[in-house]
Amino acid sequence: MIEAILANIAKDFRIEFRRRFAVNVALSFAAITTLAVSLTAGGARLETRTHALLFWIIIFFSAMNGLSHVFTREEEEGTALFLRTTSPELAVFTAKLVFNMAVMAVIAAAVVPLYVFFLNVEIASPGRFALVACAGSAAIASSTTALGAIVARAGGRGSLFTIISFPVVLPPLWVSIKATQASIAGGGAAQSIVFLLAFSGALVAVSYMLFGHIWIEE
Amino acid sequence: MTVRSFSLDAVSLSKSYGRTRVFENVSFSIATGESAAFTGPNGSGKSTLCDIAAGIRRPGRGTISHYLNGAPLQGESLLRVTGLAAPRVNPYDELTGMENVRFAARARGADPLTAAPLFEFFGLARHRDKLLRHYSSGMRQRLKLILSVLHDPALLILDEPGANLDDEGRWKLAEFIELIRARTALIIATNDRGEAALCSSEVRLD
Amino acid sequence: MAITRLVHVFMPAAIVMAFVYAPAAEVLGETSRLLYFHVPLAWVSVMAFAVSGIASVAFLAGSKGRFPAAETTFHNSATLGTFSALLATATGSVWAKLMWGSYWNWDPRETSIVILLLIYFAYFSLRSALAGKASRGRLSAAYLVIAMTVMPFFVFVIPRVFRSLHPDPVINPGMKILLEPEMKLALIVSAAAFSLLYFHLLRITNRVSKIQAAMEDLSDE
């Protein structure tokens, strides 16, 4: 099983390195929205709350542009059946989850410096800020991977992914915004990080239980 | 090579998509050393029956059971002993032939080194490091055949195996089937009389 | 059927009690009569969501044919839940305008019902994207199960994000008015009436779905 998981991870990353589709789209979106926010703000000094809010809105929509791709690609290119005949569903889901975590890591790693650079945020506790960014991104990836599989089976329309993801992602989004605001101001964020990790854990567990039903061919 | 005895029993399978019936009350059984041809007009459900036999689709009604050396197979253990080559089973365009093979072998817990002689046999050795995107449809079909047999499956299901193959490819296919016949349960879905003649029994869908 | 008869008894009783039997509350005045419709509707929208969630778990967990009504149940329950959530929102915002001066205040309970509506709308968008596919039941059930998993997190988060204006438990601390026994009784009767109405409608819609399916079968042959 571990070998099957590793083979799937290697395959997903290799294809993405050749095409760079998911990451390119997500990163361009992140860069454009960050610039758009910065340009339209016109150098105005924003409140910490506004900063936290804008930061997470950018992350959320960038994620929505990148995360469903790993599943829709399989359906669009007709490789889903090949994958079904070669890999156990557990390996498929694990690889996709790891892949989406990596995409979120790339998005967060790009948005944080861009945002700090263009919007002149002074962060009182950078360590906590980074931790919250990681935990929040992980929560988004772990809660939407199974939804990406559902959307792929439904025909993979991009806006559908955002519509069905939004209510699910809302709790970690709120908590991340609060915690980011606190970390910019220099407050603590431990409780929020615990919440985000608990949320990720619960959603991953449920996704594993459901994935068999989502993945099987009718 | 180990001796193995595989058997598949399908009892009164039915399948419908939404409200369209594909087939009804199909029963067959097949064991190591035996072979069956699925024949029938377009839309009679040959491909669907192949998927069900391979365990990647559930029948609407009826039961299907796979046994290897007396033990029932399910999920991962079934994947490991089944090979399916079909028009809708597409390997990855962004990977080379060899990369696809390596992926399929690792995912099923098989040894990718067994693929080298297969590449030779099916005349793809020169193209194994080419991206699939640049393959012709005949080369693609040959690769699909390699991918379906590289883990030495106990149950081999070939859906329209001759599609896109030239004469040489068809001979190779027939030759290959003779090589593995004794230790494999073989299903071929086809409307080609020549291919159907490779099988010892026939399941007719209509 | 028993439920139908009970609806026929409880619903008129609830209406009469709401307008005649229960006294108007001291500060809220006659507007307090909205209570007997707003609260039961909100309750039904949450209950319908729970029924949807449980039915979708049963649908996914049960092998073929074990719960034949599960798919129609979770879908019809979601439909009824959406309507009651919309009605609860409408009655709530009318009341909010009268009490707090604006139709919308983003207090935790208003927020919760918006989220419930968001989930329902997401569910219906998914359903329509899956129209005609055999996998429709499984995929939409899977979505409802995921949405149900997220619910406890909302219960934890919302009170920390939005401050409450809502009466706690019924009338807010600022103007603490305890419900009089008559009001309590009217509220209980009304909640029972709306719950029964929900189950009654669920049974009817399930029967309609069943008949529709049978008719489509017939027209095929």
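All residue numbers here refer to positions counted from 1 along the written sequence of the relevant chain. Numbering of ligands from 1 and lettering of chains from A proceed in the order in which they are written. Local features in this predicted model are restricted to residues whose pLDDT is 70 or higher, and side-chain atom pairs enter the listing and the counts only when it is 80 or higher, whereas totals over whole chains, interfaces and linings include all residues. Hydrogens and waters are ignored; side-chain quantities use all the structure's heavy atoms.

Asks: What am I meant to see in the overall build of chain B here?
Replies: Secondary structure elements are defined from DSSP: runs of H or I of at least 4 residues count as helices, runs of E of at least 2 residues count as strands, and each element is numbered from the N terminus. Scanning chain B from terminus to terminus reveals seven helices and nine strands. In this setup the radius of gyration rests on C-alpha atoms only. A globule is expected at 2.2 Å times the number of residues raised to 0.38. Taken over C-alpha atoms, the radius of gyration comes to 16 Å for chain B, in line with the 17 Å a tight globule of 206 residues would show. Each of the three principal axes of chain B carries a C-alpha extent, and together these read 45 × 35 × 30 Å. In chain B, which comprises 206 residues, the share counted as buried stands at 54%. Partly exposed residues are those whose accessible area sits between 20% and 50% of the maximum for their type, while under 20% is buried and over 50% is exposed, using a 1.4 Å probe and protein chains only.

Asks: Where do I start with the packing of aromatic side chains in this structure?
Replies: By convention here, two paired aromatic rings are described through the distance between centres and the angle between planes. Residues and elements named next belong to chain A. Stacked, tilted and edge-to-face are the three classes applied to pairs of Phe, Tyr and Trp rings, where Trp contributes its six-membered ring and a pair requires centres within 6.5 Å; stacked means planes under 30 degrees apart, edge-to-face means over 60, and tilted covers the rest. Evaluated as defined, the whole model comprises 29 aromatic pairs over all chains. Judged by centre distance (5.4 Å) and plane angle (85 degrees), the rings of Phe55 and Trp56 are edge-to-face. A relative accessible area of 1% means that Phe55 is categorised as buried. With centroids separated by 5.0 Å and ring planes inclined at 45 degrees, the aromatic side chains of Phe93 and Phe211 adopt a geometry described as tilted.

Asks: What is the right way to read the confidence of the model for chain B from this model?
Replies: Fine structural detail should not be taken from predicted coordinates in areas where pLDDT scores are low. pLDDT: the predictor's confidence for each residue, scored from 0 to 100. Looking at chain B, the pLDDT average stands at 85 and 98% of residues meet or exceed 70. Here the predicted complex carries an ipTM of 0.91, next to a pTM of 0.89.

Asks: Honestly, the interface of chain C and chain A in this entry has me stumped. Any pointers?
Replies: Accessible area lost during the coming together of the parts is what is often quoted as the interface size. Across the contact, 30 residues belong to chain C and 30 residues belong to chain A. When chain C packs against chain A, the two sides together hide about 2,700 Å² of surface, and 80% of this comes from carbon and sulfur. Summed over both partners, the accessible area lost on bringing two parts together, with a 1.4 Å probe, is the buried area. Among the residues of chain C in contact with chain A, Arg138(C), Ile146(C) and Phe153(C) are the three that bury the most area, contributing 23% of the side total. The term salt bridge refers to a side-chain nitrogen of Lys or Arg lying within 4 Å of a carboxyl oxygen of Asp or Glu. The tally of links from chain C across to chain A stands at zero salt bridges. In the analysis that follows, any N or O atom pair within 3.5 Å is treated as a polar contact, provided that within protein one partner can donate a hydrogen and the other can accept it, and provided that, for residues neighboring in sequence, both atoms belong to side chains. In this assembly, chain C and chain A are joined by three residue pairs in polar contact (both at pLDDT 80 or more). Pairs of residues are marked as contacts when any of their non-hydrogen atoms sit within 4.5 Å.

Asks: What should I look at first to understand the side chain of Lys11(A) in this one?
Replies: Take Lys11(A): it is sitting in helix 1 (residues 2-19). By relative accessible area, Lys11(A) is classed as buried at 2%.

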